[in-house]
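Listed below, chain by chain, are the residues.
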Amino acid sequence: MNQKASAATPSSLAAPIPSTVPASTRERDGQWLLIAGGVLLGTIGVFVEEAGQHPLVTVWFRCAFGALALLAWCLATGRGRQLLLNGRARWVACATGVLMVMNWALFFAAIPRTSIAVATVIFHIQPIWVIVFGALFLREAVSPTQWLATLAALGGLVLTTGLLDGSAAAAAASSSGGYMAGVLMCLGGSLCYAGVTLLANTQKTISPFAMAFWQCLVGAVALVWAPFALGWPQQGAAWAWLLGLGVVHTGLAYVVLFAGMARLGLGRIAVLQFVYPLTAVLVDWCVYGRTLSAVQLGGVALMAAALWTLRRPGVVPLARSG
C-alpha cells in the first residue's frame, strides 16, 4: 500500500476470525482481500491525474478525507481507543506523518511528469532503502543473498526508467514536465516511505490503523493552507476524484488490505503485494494508452523477482516493518 505503514500484527486489526472457519477458506478470503486492495491502490494514478490539482492540494484532500474515513470506520467498529496515543508513540506517529506527506506529494507530482506505470514501479524500490538504511544505521545483518537481490533491484530500476532504450526521451516529449525530475521525485518519495517504515518499526505498540489515521491527521493540519494558497477545485468532478482518493484509496483500501493480511502468511503476502504495481501498469495502458517498452518490462520483472526474494519469510529481518 503505496501507501501502508505497518507497525503491529495485522491480525489485531481485522474482525475476529471464528476458529470454526477452515484454514483453506480463511486463506482464500485473505487472498481475494489482498488482491482487491492491490487493485484499488493501482488506480490511484487515475484519480490523481483526473483531479488535476496541485500535488499539495491533492495530498491535503487525501489526508482530510482519509482521516475522516478511517475515524468513521474505527468508531463504527468500536476501535476508537486504538487512535489514542501518548508520549513517544504520538511523536513517532507525527514524524511518520510528515514523511508520509512528503512521500505522497513527491509521488503525486511525479505521475504527470513520467506516467502512472513508471512512477508506481520506481516507487516500489523503497524496500531496498530499508535494507540499506538498516545495514548502515541500525547495524542490521545483511546476507549475501540480500545484497545480490539489492543490486538486481537497482539494475531493474535503471531499466524501468527507460534511460537505456530511449523510452525516457519519448516519455519526456509527451509529459507535462521534466521526466528526469519526475524520476528523482519518485526516488525521493520512496526514501521518505523507507523512513516511515523504519520509524514505525520502533513503535510496535501503534496499530497500523492508528498510524495511518495520525499520518492523515498530520497531513490535514500541516497542509490546511494549501487549497487557500494554491486554489480550490473549480469543478465538481475534481471534488469527486479527490473524495475517492481519501475514502477509497485510504479508508477502504487500508481496511481491505489489513483484513487480508490477517488471514495470510508472510510468503503469500509478499507475492500478492505486487498486485498494486501490476495493476498500475495495466491501468495506465487501458486508460491512457501508455505502454512500457520491452526493456522497461524486463526491468519491472527483474525488480519484482529481486523484491520477492527480499520479502520471503526468513530472508529479510525488517520484513515485519511492512
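Residues numbered from 1 in each chain as written. Predicted model: local features only at pLDDT ≥ 70, side-chain atom pairs only at ≥ 80, totals over all residues. Heavy atoms only, no water.

### Quick look at helix α2 (residues 44–51)
For clarity, the threshold we go by: Note on classification: 1.4 Å probe, protein chains only; a residue is buried when its accessible area is under 20% of the maximum for its type, exposed when over 50%, partly exposed between these limits. Only DSSP runs of H or I covering at least 4 residues are called helices, and only runs of E covering at least 2 are called strands; the numbering of each starts at the N terminus.
Burial within α2 is extensive, with six of its eight residues counted as buried. Looking only at α2, the buried set comprises I44, G45, V46, F47, V48 and A51. Downstream of α2 by a residue or two, G52 has a phi angle that is positive, lying close to 65°.

### With respect to the packing of aromatic side chains
As a reminder, the rule being used: Pairing of aromatic rings covers Phe, Tyr and Trp, the last through its six-membered ring, and needs centres within 6.5 Å; plane angles under 30 degrees mean stacked, over 60 mean edge-to-face, and all others mean tilted.
Inspection of the entire model under this criterion finds twelve aromatic pairs. Note on F47 and W241: the rings are 4.8 Å apart at their centroids and 90° apart in plane angle, and the pair reads as edge-to-face. Linking F47 in helix α2 with W241 in helix α12 (residues 236–261), this pair joins segments that are 194 residues apart in sequence. Of the residues examined, F47 reaches a relative accessible area of 17% and is grouped as buried. Overall, W241 belongs to the partly exposed group, its relative accessible area being 28%. Each ring, one from F228 and one from W232, has its centre 5.1 Å from the other, and the planes form 90°; the classification is edge-to-face. What makes W232 partly exposed here is its relative accessible area of 31%.

### What about the pattern of salt bridges?
Stated formally: Definition used for salt bridges: Asp or Glu carboxyl oxygen within 4 Å of a side-chain nitrogen of Lys or Arg.
In total, this model carries two salt bridges according to the counting rule given. Where R290 meets E49, a salt bridge forms, and the shortest distance between an N and an O atom there is 2.6 Å. Of the two residues, R290 sits in the loop between α14 (275–288) and α15 (294–311) while E49 sits in helix α2, which places them 241 residues apart along the sequence. Using a relative accessible area of 25% as the deciding quantity, one classes E49 as partly exposed. Between D284 and R290 there is a salt bridge, with the nearest N and O atoms lying 2.8 Å from each other. Of the residues examined, R290 reaches a relative accessible area of 28% and is grouped as partly exposed. Counted as one network, the salt bridges with shared partners bring together E49, D284 and R290.

### Some words on the environment of A69
Mapping A69 onto the fold places it in helix α3 (residues 55–76). For the pair A69 and L252, spaced 183 residues apart in sequence, the C-alpha separation works out to 8.0 Å.

### Description of the confidence of the model for the chain
Detailed conclusions should not be drawn from predicted coordinates in areas where pLDDT is low. Going by this rule: The predictor reports its confidence for every residue as pLDDT, a score running from 0 up to 100.
When pLDDT is averaged across the chain, the result is 81; 83% of the residues are at 70 or more. Put simply, helix α8 (residues 167–174) is where the chain has its lowest mean pLDDT, 61, and helix α11 (residues 226–230) is where it has its highest, 95.

### Here's the deal with the environment of A181
Take A181: it is sitting in helix α9 (residues 179–200). Looking at A181, the relative accessible area reads 36%, which means it is partly exposed. The spatial distance from the C-alpha of A181 to the C-alpha of A109 is 9.5 Å, given a sequence separation of 72 residues.

### Topic: the packing of helix α6 (residues 126–137) against helix α7 (residues 144–161)
In plain terms, the rule: Whenever a helix is involved, its axis is fitted only over the stretch in contact; in every case the axis is a line through C-alpha atoms, and angles between N-to-C directions fall within 0 to 180 degrees. Any angle that is under 35 degrees is reported as roughly parallel, and any over 145 degrees as roughly antiparallel; angles of 65 to 115 degrees are reported as roughly perpendicular and all others as oblique. Helix crossings fall into two classes, left-handed where the near helix is turned counterclockwise from the far one by less than a right angle and right-handed where it is turned clockwise. Contacts are assigned to residue pairs that have any heavy atoms within 4.5 Å of one another.
Direction vectors running N to C along α6 and α7 enclose 135°, while the axes themselves pass 10 Å from each other. Relative to α7, α6 is oriented oblique. The crossing of α6 and α7 is left-handed. Facing α6, whose interface residues are I128, W129, I131, V132 and A135, α7 presents Q146, W147, T150, A153 and L154.

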